[in-house]
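Close look at the chain arrangement
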Amino acid sequence: MKDLFARIIENKGPLGKWASQAEGYFVFPKLEGPISNRMKFQGKEVITWSINDYLGMANLPEIKKVDGETAAEYGAAYPMGARMMSGHTDFHEQLETELADFVHKESSYLLNFGYQGILSAIDALVSKDDIIVYDVDSHACIIDGVRLHMGKRFTFVHNDIESLKKNLERATKMAEQTGGGILVISEGVFGMRGEQGKLKEIVELKKEFNFRLLVDDAHGFGTLGKTGAGAGEEQGVQD
Ligand SMILES: Cc1ncc(COP(=O)(O)O)c(C=O)c1O
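Only a predicted model underlies this, so the values are computations on that prediction, with no experimental measurement involved.

Some remarks on the sheet that holds strand 1 (residues 31–32)
Judged by pairing direction, the sheet is antiparallel, and its 3 strands sit side by side in the order 1-2-3 without closing on themselves. The strands lining the two open edges of the sheet, one partner per strand, are strand 1 and strand 3 (44–47). Sheet analysis places strand 2 (residues 38–41) next to strand 3, joined by 4 bridges and oriented antiparallel. Pairing of Lys-40 across the sheet is with Glu-45, part of strand 3.

Regarding the layout of surface pockets
Taken as a whole, the second largest pocket encloses approximately 650 Å³ of empty space. Lining the second largest pocket we find 15 residues, and of these Asp-67, Thr-70, Phe-91, His-92 and Leu-95 sit closest to its centre. Going through the elements one at a time, helix 2 (61–74) and helix 4 (90–102) are the ones with two or more residues in the lining of the second largest pocket. Tallying contributions element by element places helix 2 first for the lining of the second largest pocket, with 6 residues. Per-class residue counts for the lining of the second largest pocket are 9 nonpolar, 5 polar and 1 charged.

Some words on the pattern of salt bridges
If you walk through the whole model with that rule in mind, you get 8 salt bridges. Across the salt bridge formed by Lys-65 and Glu-69, the nearest N and O atoms sit 3.1 Å from each other. Of this pair, Lys-65 and Glu-69 both sit in helix 2, 4 residues apart, which is roughly one turn of the helix. A salt bridge links Glu-204 to Lys-207, with the nearest nitrogen and oxygen atoms 2.6 Å apart. When its relative accessible area of 45% is taken as the criterion, Glu-204 is described as partly exposed.

Notes on the sheet that holds strand 5 (residues 153–156)
Spatially, 5-4-6-7 is the arrangement adopted by the 4 strands of the open sheet, whose pairing is parallel. One side of each edge strand has no neighbouring strand; the edge strands of this open sheet are strand 5 and strand 7 (212–216). Going from strand to strand, the sheet's axes swing by 20° on average, the running direction of each strand aside. In terms of strand pairing, strand 4 (residues 131–135) meets strand 6 (residues 182–187) through 4 bridges, oriented parallel. Following the sheet pairing, Val-133 is matched in strand 6 by Val-184. Contacting strand 4, strand 6 and strand 7, helix 5 (residues 114–125) runs over the sheet at an angle of about 175° to strand 7.

Quick look at the domain arrangement of the protein chain
It is common to give the size of an interface as the accessible area lost on bringing the parts into contact. Each assigned domain of the protein chain is listed with its residue range as follows: domain 1 (2–47), domain 2 (77–102) and domain 3 (114–234). Centre-to-centre separation of domain 2 and domain 3, based on C-alpha positions: 27 Å.

Let's talk about the pairing of strand 6
Regular strands show a simple pattern: their side chains alternate between the two faces of the sheet. Burial runs high along strand 6: 6 of the 6 residues are buried. Every second residue of strand 6 is oriented toward a common face, with Ile-182, Val-184 and Ser-186 on one face and Leu-183, Ile-185 and Glu-187 on the other, all of them buried. Pairing of strand 6 with strand 7, which is carried by 5 bridges, proceeds in the parallel orientation. When the bridges of strand 7 are listed, Leu-183 appears paired with Arg-212. What joins strand 6 to strand 7 is helix 8 (residues 199–204), and the crossover it makes is right-handed.

Conventions adopted
Residues numbered from 1 in each chain as written. Predicted model: local features only at pLDDT ≥ 70, side-chain atom pairs only at ≥ 80, totals over all residues. Heavy atoms only, no water. Pairing = 2+ DSSP bridges. Helix = DSSP H or I, 4+ residues; strand = E, 2+ residues; numbered from the N terminus. 1 Å grid on protein atoms, 1.4 Å probe; cavity = no way out; pocket = protein on both sides within 12 Å on 5 of 7 lines; lining within 4 Å. Points joined across faces, edges and corners; volume = space filled by probe spheres on them. Nonpolar A, V, L, I, M, F, W, Y, C, P; charged D, E, K, R; others polar. Salt bridge = Lys/Arg side-chain N within 4 Å of Asp/Glu carboxyl O. Buried < 20%, exposed > 50% of the residue type's maximum accessible area, 1.4 Å probe, protein only. Axes fitted to C-alpha atoms, helices over the stretch in contact; angles between N-to-C directions. Contact = heavy atoms within 4.5 Å. Domains from an automatic or database assignment. Right-handed = clockwise from strand over helix to strand, strands pointing away.

Printed below as a string of structure tokens:
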């Protein structure tokens, strides 16, 4: 690992002028103390925005109690392998059913973390004849997911419906040639900017164009909409 960072610093790699601060700061930060929304970092008290515990719920006594009881009954890491090979349990399926109900969808599928989830979803939804049209300010997981795609892809200007329309016109012509379909990708709440994707306007375009819509709602889930179902519910287009 040390070698890798030495090389990044020497080549002024992807972190540019920040490369010399990379290890232990931008990458592999070392946090101290119990996981929480307030922790110690390099000796100082900090608010931790880089973990998935903004509300500090991970260490609530009742959560720790259930966690401990479950580990005592089933062991600490069930099923101890990749789910595809090692399998899963009734509990995994029950959680998927509850999550699907929560977002008012027919079904859900659990993947280990957001980055892998989006990468896998994009890969599962398109074949080489399909065309992807995605927001240029998409999160890195969407950019990388699109990079796996063997077919054509277009970007549209961030949250710009006119630009999306132009690109849908191009994609529609192309889809006529390939015989494929179109997948539009946006975010419920843009992770890097904070504002909502224009889901309502995008859905409205379905009257004019034939496409499927994939929304990464990492930041709308649980926070937006009357029941917390996310940005789609907030904008009245969850279905
Ligand atoms: C919009 C969006 N999608 C996906 C992810 C990736 O999630 P994870 O950190 O669980 O890989 C993030 C991370 O912040 C995100 O902001």
